[in-house]
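Here is how the chains run, residue by residue.
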Amino acid sequence: MSEEKPFTIEQFYKYISQGKLMGGKCKKCGTIYLPPRPVCTKCHSKDFEWIEIQPKGKLLTYTIIHVAPVQFQSMAPYAVGIIQLENGLKIPGIIKNVEHDKIKIGMELKVVFEKTPVNVSQWPQWPRYYFKPA
Amino acid sequence: MKGKPLVSIISAGLSKFGKLEGLYGREIFAEAVKEAFDRCPNLNPKDIQALFVGHMGESYEHQGHTGATLADWTGLLHIPATRTETACASSGAALRIGIFSILSGLYDVVMVGGVEKMTNRTTPEVTEFLAMASDFPFEQWHGITFPGLYALMATAHMHKYGTTEEQLAMVAVKNHHNGFLNPKAHMQKEVTLEKALSSRVIAWPLKLYDCSLITDGASCLVLTKPELAKKYTDTPVQIIGTGQASDSIGIYERESFTSLIAAKLAAKQAYQMADVTPKDIDVAEVHDCFTIAEIIAYEDLGFCKPGEGGRLIENGETTLEGSLPVNTSGGLKAKGHPVGATGTAQAYEIYLQLTGQAEKRQVENAEIGLTHNVGGSGATAAVHIFRRE
Ligand SMILES: [Zn+2]
């Protein structure tokens, strides 16, 4: 049996920096966590395996942020949404490459991984991903 | 426990809410404590055996260790003084712990309360501090602001139920009207629907008038065993139900974006303990950190069916003259939202209502009241039910 990487946020982002969206799957009950958890909320097992999640989904809800935090101010106004991935998983992110009035709930989006190199182990420096129309 | 009083409130205090220049958090809390003692001449500071206080952020005043700080500045040394933190529900949690401390049998009289000093900071700083109540590595890191989280709920609610931006603005109009009647409110002015709707966008569909205020303020309550209450006052208010629950820190993992599970669970616990139903509630203070939050609160608390919150406000049911007045104080929207103080400030308004001291905002014959206090984007909720004795 191959050694599994730790089911941590840091490892989740290490996978993101490799262009992979990975979740932690409970080996006992099958529940998938994105991001991973050290323990399963459903069955309390601590036995997990990493599984790759298809980086695409449907837009569930969105907002256009006009008043932005300092580090995002140059982008404002920008759109943020939550997408529905496979297996009932969801993630939030910024939506790019689409005019704001063309954004519609239910539209297909794909996850794009930013290529900026960061040292994931140096908190808080995580690679970013965003969504764009599929 | 069903329907039995858990504790009695024998006094309560609230500082002025607003931009309180020249006053630090501990001094603002002292103002609330002074009122609580002034209201209840039979109560001696030496009667208070423990202090539990809600406070969200040490960043504002570079001051943590809030429990002892507040005891020190309010003449309550050397009682045990403990801070609770559940984001914007911090003093809702303090109230609960105060109730437990009385029920444990260890104490006869305790003070609970909360404080936040916020206006000494710039808006971008406050925005950043408030965002700490949401998930950092998956929400804040990806550009999602605190108003942005509630905007995601608003968009989902509008899409699923046809709730309108006008209905959101009606919550602001109502709460500003109530705040106009509350001499302690931060914003004591009316706002028109047109003005609310045309205010600048913060996080679409939420505009400036959909958001609560950055406010300084403090609140406190004095609790005792129900059988001791009449020793202190002729008009105690009983707490007959308490509930609290948690949910995922990130909203994106939740099954629904149009309801807060933690609030529903907390309400269920409180209703069952109090042995009352939503129909029995005469007046409620709910957590309107954003207008959509009040509409969702109506639904989560069972004041209407899921999806009908927009119509409830549109039909005027929750105005002062309506069948179930909500946020008679002006709510977080107009009274203000000094986050750590909010939970017990809501209880303060219910205390006034149930003792007939709410003046121009008085709901006639109010007998049973409810408070609904939410932490962050709903990862914590605390609900309490009160009864006039
Ligand atoms: Zn499991």
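Residues numbered from 1 in each chain as written. Chains lettered and ligands numbered in written order. Predicted model: local features only at pLDDT ≥ 70, side-chain atom pairs only at ≥ 80, totals over all residues. Heavy atoms only, no water.

A. Local environment of helix α2 (residues 66-73) of chain B. Residues and elements named next belong to chain B. When α2 is considered as a whole, its buried residues turn out to be Thr66, Gly67, Thr69, Leu70 and Ala71. Against the buried residues of α2 lie α1 (25-39), β2 (51-54), β3 (81-84) and β4 (109-116). Positive backbone phi, approximately 75 degrees, marks Gly75, located one or two places after α2. (Buried < 20%, exposed > 50% of the residue type's maximum accessible area, 1.4 Å probe, protein only. Helix = DSSP H or I, 4+ residues; strand = E, 2+ residues; numbered from the N terminus. Contact = heavy atoms within 4.5 Å.)

B. Spotlight on the sheet that holds strand β3 (residues 48-52) of chain A. Residues and elements named next belong to chain A. Reading across the sheet, the three strands line up as β2-β1-β3 and stay open at both edges, with antiparallel pairing between neighbours. The strands lining the two open edges of the sheet, one partner per strand, are β2 (32-33) and β3. Bridge count between strand β1 (residues 22-26) and β3: five bridges; the pairing is antiparallel. Opposite Lys25, over in β3, you have Glu49 as the bridge partner. (Pairing = 2+ DSSP bridges.)

C. Focus on the sheet that holds strand β10 (residues 368-375) of chain B. Residue and element names in this part refer to chain B. Reading across the sheet, the nine strands line up as β3-β2-β4-β7-β1-β8-β11-β10-β9 and stay open at both edges, with mixed pairing between neighbours. The outermost strands of the open sheet, each flanked by one partner alone, are β3 and β9 (283-286). Going across the sheet, the axis of each strand differs from the next one's by a mean of 25 degrees, ignoring polarity. Where β10 lies against strand β11 (residues 380-388), eight bridges are found, and the strand directions are antiparallel. Bridge pairing in β11 places Thr371 opposite His384. Across the face of the sheet, helix α3 (residues 90-103) comes into contact with β1 (7-14), β2, β3, β4, β7 (217-224), β8 (237-246), β10 and β11 while running at roughly 170 degrees to β4. (Axes fitted to C-alpha atoms, helices over the stretch in contact; angles between N-to-C directions.)

D. The interface of chain A and chain B, seen in detail. Taken together, the contact pairs 35 residues of chain A with 28 residues of chain B. The contact between chain A and chain B buries some 2700 Å² in all, and 69% of this surface belongs to carbon and sulfur atoms. On the chain A side of the contact with chain B, Val67(A), Lys90(A) and Trp126(A) bury the most area, a combined 19% of that side's loss. Put simply, chain A and chain B have one salt bridge between them. Taken together, the links from chain A to chain B amount to 15 residue pairs in polar contact (both at pLDDT 80 or more). When residues in the side of chain A that touches chain B are grouped by element, the largest group, six residues, is from strand β4 (residues 56-65) of chain A. (Buried area = accessible area lost by both parts, 1.4 Å probe. Salt bridge = Lys/Arg side-chain N within 4 Å of Asp/Glu carboxyl O. Polar contact = N/O pair within 3.5 Å; in protein donor to acceptor, adjacent residues only side chain to side chain.)

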